[in-house]
Amino acid sequence: MSGRVTAQDVAKAAGVSPATVSLVFHNKPGIKAQTRSHVLATAMDLGYKPSAPAQLPAEIRTLTLAIFRQEGSANFESPFFEHLVKGISDEIRRTHGYRLSVSYFYGDSDAEPQLEELRATAPAGIIVLATEMHSRDVDTFTGLGLPLVLLDNCYGSKAVDSVVIDNERGAKAAVRYLSAQGHKSIGMLHSSEDLKNFRERREGFLSAIRKLRAKGQVDEPVIVDIGHSIDDSYRRMCEYLDAIPEVPTAFFASNDHVASYCIRALQEHGLRVPEDVSVIGFDDVEFAASMNPPLTTMRVPQESMGELAVKRLHDLIDGRTRSIVHLRVQPELVARSSVRRLVH
């Protein structure tokens, strides 16, 4: 979309009225949590930047959700984001005295105007949706001197609380599951997008493979670089399939979006899933269960992550703790039809 995105643009794209968008942007009551999170996700996908912060009554304490994005990024997944926001919204409603404010930050832009908008809301604390954040970006928020929790990213070198996915453990569990189903030739469909989540999932995959190889249970792994964006996945997978005579019997994908596009490429090259090639994803996004075949994946408790971030921030605001805490939520295997058990 060219030009500045307006609230009217968001309303049209989200399929709601401009009045509903206005209520969401100004944090007014009367909007269902699902609708609120859908509108916020649509606004973020369109690159909406609020022209002015909402003016809230001074007696109401505000928690700010700061959504951090890199300029030009196209990898953010709305369903994942919507569940995180729902978890945050639900927990805030259960926590007396708070209202949610939303701010957007763009990594390649001048931070000061963005910070001024955030300061104007006078938040009691901040949750940063930090999926796309780099270590150098953290100082932008720590410099505000406010209680702060990073969501979906953490940096051990920074004294900041965080709630994250245990990506390495989830990837290891996925590999062990494929091995337990009799697969020795296991590959990875790796997104090279510069996100810490993807790097950790790759490390978990390789760590699990090394341990299984030491026992003679799996072969040398194949890692297919499927590019820097979701749109690259199908094309890169087709190029890989055109170039090699034989594929592994199973693939672990960086996430469910990668898995879906690569399954499409496999099927169009005459390979059946799971009869010829098994595939396991990561995240358990909403469409995973309705894919053909339904996708086996590692489920991430996204709403729980949002709830934990609010609880932790509330403790920091009330001065109940001074320790730095990194909370890691554990992915759970969801076995569906995209993985075949081999008989040896």
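Every chain is numbered on its own, with residues counted from 1 as its sequence reads. Restriction of local features to residues with pLDDT of at least 70 applies here, the model being predicted, together with a cutoff of 80 or more for giving and counting side-chain atom pairs; totals for whole chains, interfaces and linings are based on all residues. In computing side-chain properties, one takes all heavy atoms of the structure into account and sets aside hydrogens as well as water.

Caption draft 1: Representation of the sheet that holds strand β8 (residues 250–253) within the structure. Ordered in space as β7-β6-β8-β9-β10-β12, the 6 strands form an open sheet in which the pairing is mixed. Each end of this open sheet is capped by a strand with a single partner; those strands are β7 (222–225) and β12 (332–334). Pairwise comparison of adjacent strand axes, ignoring direction, gives a mean angle of 20° for this sheet. DSSP calls a pair of strands paired once it identifies at least 2 bridges connecting them. In DSSP terms, a helix is any run of H or I states spanning at least four residues, a strand is any run of E spanning at least two, and both are numbered starting from the N terminus. Judged from the 4 bridges that link them, strand β6 (residues 186–190) and β7 form a sheet pairing that is parallel. Across the sheet, the residue bridging to G187 is V222, located in β7. Whenever a helix is involved, its axis is fitted only over the stretch in contact; in every case the axis is a line through C-alpha atoms, and angles between N-to-C directions fall within 0 to 180 degrees.

Caption draft 2: Seen up close, the confidence of the model for the chain. Residues with a pLDDT of 70 or more make up 91% of the chain, whose mean pLDDT is 87. Each residue carries a pLDDT value, the predictor's own confidence for that position, ranging from 0 to 100. Working rule for contacts: check all heavy atoms of both residues, and any pair within 4.5 Å makes them a contact. Note that residues 53–59 has pLDDT below 50 and, in this model, 11 contacts with residues that lie over four places away or in other chains.

Caption draft 3: Layout of the packing of aromatic side chains. Working definition: a ring pair exists when centres of Phe, Tyr or Trp rings (six-membered ring for Trp) sit within 6.5 Å. Plane angles under 30 degrees give stacked, over 60 give edge-to-face, the rest tilted. The tally for this structure, following the rule as stated, stands at 5 aromatic pairs. With centroids separated by 6.2 Å and ring planes inclined at 10°, the aromatic side chains of F205 and F252 adopt a geometry described as stacked. One end of the pair, F205, is in helix α8 (residues 196–214); the other, F252, is in strand β8, and 47 residues separate them in sequence. Exposure classes here rest on a 1.4 Å probe applied to the protein chains alone. A residue is buried below 20% of its type maximum, exposed above 50%, and partly exposed in between. On the basis of relative accessibility, which here comes to 0%, the residue F205 falls in the buried class. Judged by relative accessible area, F252 falls into the buried class, the value being 0%. We call a charge positioned above a ring when the Lys NZ or Arg CZ atom is no farther than 6 Å from the ring centre and deviates by at most 35 degrees from the ring normal. The ring of Y155 is capped by K196, whose NZ or CZ atom sits 4.7 Å from the centre of that ring. For R264, the ring lying beneath its charged end belongs to Y234, and the centroid distance is 3.9 Å.

Caption draft 4: How the structure looks around the packing of helix α9 (residues 230–243) against helix α10 (residues 256–268). Packing of α9 against α10 leaves a shortest axis separation of 8 Å and a crossing angle of 35°. Crossing handedness for the pair α9 and α10: right-handed. Residues I230, S233, Y234, M237, C238 and L241 of α9 touch α10, and the partners they reach there are H257, V258, Y261, C262, R264, A265, L266 and E268. Asp, Glu, Lys and Arg are counted as charged, while Ala, Val, Leu, Ile, Met, Phe, Trp, Tyr, Cys and Pro are counted as nonpolar; the rest, among them Gly, fall into the polar class. Residues of the contact of α9 with α10, tallied by class, amount to 10 nonpolar, 2 polar and 2 charged. What makes a crossing left-handed is the near helix being turned counterclockwise from the far one by less than a right angle; a clockwise turn instead makes it right-handed.

Caption draft 5: Expanded view of helix α11 (residues 302–317). An expected span of 1.5 Å times one less than the residue number is assigned to each helix. Compared with an ideal rise of 1.5 Å per residue, which puts 16 residues at 22 Å, α11 spans 23 Å between its outermost C-alpha atoms and is within 8% of the ideal. Looking at α11, one finds that the buried residues are Q302, M305, G306, A309, V310, R312, L313, H314 and L316. Of the residues one or two after α11, G319 is the one with positive phi, at around 70°.

Caption draft 6: Broad picture of the nonpolar core. Nonpolar cores are built from buried Ala, Val, Leu, Ile, Met, Phe, Trp, Tyr and Cys residues. Side-chain atoms within 4.5 Å join them into one set. Counting 60 residues, the largest nonpolar core has F25 and L151 as the members making the most contacts within it. Looking at this core, the element that brings in the most residues is helix α4 (residues 78–94), giving 6 residues. Ranked by size, the runner-up nonpolar core spans 22 residues in total, among them V258, A259, C262 and M291.

Caption draft 7: Just the sheet that holds strand β11 (residues 326–329), in detail. Taken in spatial order, the 6 strands line up as β2-β1-β3-β4-β5-β11 in an open sheet, and their pairing is parallel. The outermost strands of the open sheet, each flanked by one partner alone, are β2 (98–106) and β11. For this sheet, the mean inter-axis angle between neighbouring strands, taken without regard to orientation, is 20°. The pairing of strand β1 (residues 61–69) with strand β3 (residues 125–129) spans 5 bridges and is classified as parallel. Within β3, the residue paired with A66 across the bridge is V128. Relative to the sheet, helix α5 (residues 111–120) contacts β1, β2 and β3, its axis offset from that of β2 by approximately 175°. Across the face of the sheet, α11 comes into contact with β1, β2, β3, β4 (148–151), β5 (161–165) and β11 while running at roughly 165° to β4.

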